Amino acid sequence: MRSFDRLFAEHVATGLARQLALGDLIGERGWQLDLPSGTVTFGDDLRYHIQLLGTESHGDGSWLWAWANEASNLPPALLQLSGWLREYGHRQGVAEFTEPTFALERADGHRLALLASGLTGRCYYRGPYPGGAVFFHLDDAPPQITAPVRPERVLSVLGQVIQSFPVDHRIAVESFLRQQSWRLEPAPSSVTAHHGDGSTLRVDFDALGRVSNMSGTVSS
């Protein structure tokens, strides 16, 4: 059994990297969700199929999984991914994936969607509306969204994760680098990573396991 916090630390950086790539793609485009067709449109030129994750309610500060939202009569075809996450939660003992609703203080939509992104290989979008927001995964996003991160962007992604989320730094760093196909040389207070293109990265940790320094050389 693995806790939500442990899983989140393992997958948050890869999930965030996909979000940054999605942001680069859609820019300032507006969004329009079409549930009958199961698609989202960004601006006038980008259109993708979706899988619903769930919704945040700002009124009572709660999360509701799409598979548990019976009142909205959502198309079953759009609930397959959230249903898979529910089953994953049952297998792994992750209560946040199996309980229909809970307070956002426990886990908000971004944390849930980032972890789901790491587990499913997709990116997600947060669509705000009066009183809340809907979260959904893009089912057929362009390959560049989920492709490995360029070596020059690795430090930026790790820096944002460490600044934004209270995670175990070493787990987050080593998991991300392995997922991005770097070869690791762990040491008691550091990890050195080597990329296939010749780039190298070193991350140092203090006595509490927090990142104290990151440096690297990117191959031209």
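Residues numbered from 1 in each chain as written. Predicted model: local features only at pLDDT ≥ 70, side-chain atom pairs only at ≥ 80, totals over all residues. Heavy atoms only, no water.

**Overview of the environment of Q19**
Item 1. Looking at the element boundaries, Q19 is found in helix α1 (residues 4–26).
Item 2. Among the residues examined, Q19 registers a relative accessible area of 16% and is labelled buried.
Item 3. Between the C-alpha atom of Q19 and that of G209, which follows or precedes it by 190 residues, the distance is 26 Å.
Item 4. Those residues within four positions of Q19 in sequence are excluded, and the remaining contacts are L114, C123 and Y124. (Helix = DSSP H or I, 4+ residues; strand = E, 2+ residues; numbered from the N terminus. Buried < 20%, exposed > 50% of the residue type's maximum accessible area, 1.4 Å probe, protein only. Contact = heavy atoms within 4.5 Å.)

**Quick notes on the packing of helix α2 (residues 80–92) against helix α4 (residues 109–120)**
Item 1. Running from amino to carboxyl end, α2 crosses α4 at an angle of 90°, the nearest separation of the two axes being 11 Å. Relative to α4, the element α2 is oriented roughly perpendicular. Two secondary-structure elements touch here, α2 through L81, W84, L85 and Y88 and α4 through A116, L119 and T120.
Item 2. Class assignment of the residues belonging to the contact of α2 with α4 gives a composition of six nonpolar, one polar and no charged. (Axes fitted to C-alpha atoms, helices over the stretch in contact; angles between N-to-C directions. Parallel < 35°, antiparallel > 145°, perpendicular 65-115°, else oblique. Nonpolar A, V, L, I, M, F, W, Y, C, P; charged D, E, K, R; others polar.)

**Observations concerning the pairing of strand β1 (residues 31–34)**
Successive residues of a regular strand alternate their side chains across the two faces of the sheet.
Item 1. Looking at chain direction, β1 and strand β2 (residues 39–42) are connected through four bridges and run antiparallel. Bridged to D34 within β2 is T39.
Item 2. Linking two consecutive strands that pair antiparallel, namely β1 and β2, is a turn of four residues; a positive phi of about 65° is found at G38 within it. (Pairing = 2+ DSSP bridges.)

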